[in-house]
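A closer look at the structure
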Amino acid sequence: MCRSLGRGNDASAGGELPRQRAHAEALDATDELAALRQRFLLPEGVIYLDGNSLGPLPRSVPERLATVVAKEWGEGLVTSWNRHGWIDAPLRVGDAIAPLIGARAGEVVVADSVSVNLFKLLAAALALRPGRSVILTERENFPTDLYVAQGLVDLLGGRARLHVVEREHLAAALDEQVAVLALSHVDFRTGEMHDLAALTAAAHRAGALVLWDLSHSAGAVPVDLEGADADLAVGCGYKYLNGGPGAPAFAFVAQRLQGALRSPIRGWMGHAAPFEFSTRYRPAPGVARLLAGTPPILSVATLEEGVTLLAAAGIEPLRRKSVALTELFIDLVARECEAWGFELASPRSPARRGSQVAWRHPHAYPIVQALIRRGVIGDFRAPDLLRFGFAPAYLRFQDVWDAVQHLRVVMEEEAWRAPELAVRGKVT
Ligand SMILES: *Cc1c(COP(=O)(O)O)cnc(C)c1O
């Protein structure tokens, strides 16, 4: 049986959730973001509930890429670094991301991957807190965040230590040894969301810096880095920001820390004057000092298309719709699939939930595969989670409705028992 599920906030205005698809269609008819869907190229017959893993293709990308390739690269050649603004692209796109995460212009730069940016900022944070040696994080953090922190600690050979605790012990573990508290804002499995402002304040009271990983927040959940007085952050370009496979990530450094911050990867692109070719390193002013090597211009251009789309929509309307989509999904699964023992792994309260919903089920893997076969793309997270992302920019309420009907049919017909569905691919 399902865990008992309270009624969502006002998904059904206090009454029973209607039984007709027309209910979802009516929600689409009044959706203030409905027109945004046209700005994406979505395959026919697919309900895409995995935009939290890889965002879909913005309609403007093929033409933008064709221009960058044929005109800027093909014709402009090396002159395009100046003529077409390639050299400024990492800061320009960073500035476009800033309003989505409550940052100011000049506080965000696009570079490398989340993993590499974590390394740079963790090392920089340790150096900014001399006399303190601990990186504090939680066991449920995204694996790359844990691996990178451990790798850095190993490299520093005894001068730093990684302290990994359960979530409920984080506040108590904030002592005078902690240099930096490093957390993911939204849990990648369950979508559970930390109180970013409260934890930032707690870390500051303990004299520590905070590094937030916004990979599952940026573009889906409002983040107010400035309001929370946050120090450092990183985030992903290929999830809700729709930057394309392997899109570069972003890094945030609060303005007040920028002057003192040093990247451990001192590449020429982070130099104050790369084209002086000086033998002496001088960091660029501001967040640009986090750049290391030459930016991947094709990928940055693609990311710019995705970011521009979301920034124009505004994060508050995106969040409103995201909450309504996830509320409808939870209510519908609770009603339609009650017989099959799905247990909600995400917080029931939307205030504590990001833009995804996860259900536990012992046969999660083949059920997800059976759904994919029917055109409903979600994903599986070990050991027993079905995970569904609800990107508000292109999903419709009718998609939510239809996805739940597909899930019901998969369970009713036991389609997930097909032996070939148990075979796991390299990427799950
Ligand atoms: C997706 C994700 C990453 C990805 O890191 P990359 O190095 O850019 O591949 C990192 N952290 C979290 C929390 C994520 O969700």
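Calculation notes
- Residues numbered from 1 in each chain as written.
- Predicted model: local features only at pLDDT ≥ 70, side-chain atom pairs only at ≥ 80, totals over all residues.
- Heavy atoms only, no water.
- Helix = DSSP H or I, 4+ residues; strand = E, 2+ residues; numbered from the N terminus.
- Buried < 20%, exposed > 50% of the residue type's maximum accessible area, 1.4 Å probe, protein only.
- Contact = heavy atoms within 4.5 Å.
- Areas by Shrake-Rupley, 256 points an atom, 1.4 Å probe, with all protein chains shown as cover.
- Lys, Arg positive; Asp, Glu negative; His and termini not counted.
- Charge placed at Lys NZ, Arg CZ, Asp CG, Glu CD.
- Near = heavy atom within 4 Å.
- Polar contact = N/O pair within 3.5 Å; in protein donor to acceptor, adjacent residues only side chain to side chain.
- Nonpolar A, V, L, I, M, F, W, Y, C, P; charged D, E, K, R; others polar.
- Salt bridge = Lys/Arg side-chain N within 4 Å of Asp/Glu carboxyl O.
- Domains from an automatic or database assignment.
- Buried area = accessible area lost by both parts, 1.4 Å probe.
- Pairing = 2+ DSSP bridges.
- Axes fitted to C-alpha atoms, helices over the stretch in contact; angles between N-to-C directions.

Before going further, it helps to spend a moment on the overall build of the protein chain. Counting its regular elements, the protein chain contains 12 helices and 15 strands. Taken along its principal axes, the extent of the C-alpha atoms in the protein chain is 70 × 55 × 45 Å. Across the 428 residues in the protein chain, those meeting the buried criterion constitute 57%. Put simply, of all contacts in the protein chain between residues at least 6 apart along the chain, 73% involve residues at least 24 apart. Carbon and sulfur atoms provide 55% of the accessible area of the protein chain, an area that totals close to 17,900 Å². Once the 45 positive and 48 negative side-chain charges of the protein chain are each reduced to a mean point, those two points are 4 Å apart.

All residues in the neighbourhood of the ligand are listed as Ser113, Val114, Ser115, Phe142, Thr144, Asp145, Ser184, Asp213, Ser215, His216, Tyr238 and Lys239. Val114 places a polar main-chain atom, nitrogen or oxygen, 2.9 Å from an oxygen atom of the ligand. Interatomic distance of 3.0 Å between a side-chain N/O atom of His216 and an oxygen atom of the ligand. Of all the elements in the fold, those that place two or more residues in the shell around the ligand are helix H5 (114-128) and helix H6 (143-156). Residue composition of the shell around the ligand, grouped by class: three nonpolar, six polar and three charged.

You can see His194 is positioned in the loop between strand S7 (178-184) and helix H7 (196-205). Residue His194 is classed as buried on the basis of its relative accessible area of 9%. A distance of 3.4 Å separates a polar atom in the side chain of His194 from a polar atom in the side chain of Arg167. Here His194 is in contact with Glu138, Arg167, Leu170, Leu183, Ser184, His185, Leu199 and Trp212, once residues within four sequence places are set aside.

It is worth spelling out the side chain of Lys321 at this point. Here Lys321 is to be found in helix H10 (residues 315-336). A relative accessible area of 6% places Lys321 in the buried class.

Tallied over the entire structure, the rule returns 32 salt bridges. Ionic pairing is found between Arg353 and Glu327, a salt bridge with its closest N-O pair at 2.8 Å. Note that Arg353 is positioned in the loop between strand S11 (343-344) and strand S12 (356-360) and Glu327 in helix H10, a separation of 26 residues in sequence. When sorted by exposure, Arg353 lands in the same class as Glu327, which is buried.

Judged by how many residues are buried, helix H11 (residues 364-373) sits mostly within the fold: seven of 10 residues are covered. Within H11 the residues assigned to the buried category are Ala364, Tyr365, Pro366, Ile367, Val368, Ala370 and Leu371. On its buried face, H11 is in contact with strand S13 (376-377), strand S14 (379-381), strand S15 (385-389) and helix H12 (397-412). A positive phi of about 90° marks Gly375, the residue just after H11.

Moving on to the domain arrangement of the protein chain. When cut into domains, the protein chain gives domain 1 (7-58 + 314-422) and domain 2 (85-313). At the interface, 37 residues of domain 1 touch 26 residues of domain 2. Summed over both sides, the interface of domain 1 with domain 2 buries roughly 2,400 Å², with 62% coming from carbon and sulfur. At the surface where domain 1 touches domain 2, the tally comes to one salt bridge.

Let's shift gears to the sheet that holds strand S8 (residues 209-213). One open sheet accounts for seven strands, arranged S4-S10-S9-S8-S7-S5-S6; its pairing is mixed. Two strands close off the open sheet at either side, each with one partner strand: strand S4 (108-111) and strand S6 (161-165). Averaged over all pairs of adjacent strands, the angle between strand axes in this sheet comes to 20°, irrespective of strand direction. Sheet topology note: the S7/S8 ladder contains five bridges and is parallel. When the bridges of S8 are listed, Leu183 appears paired with Trp212.

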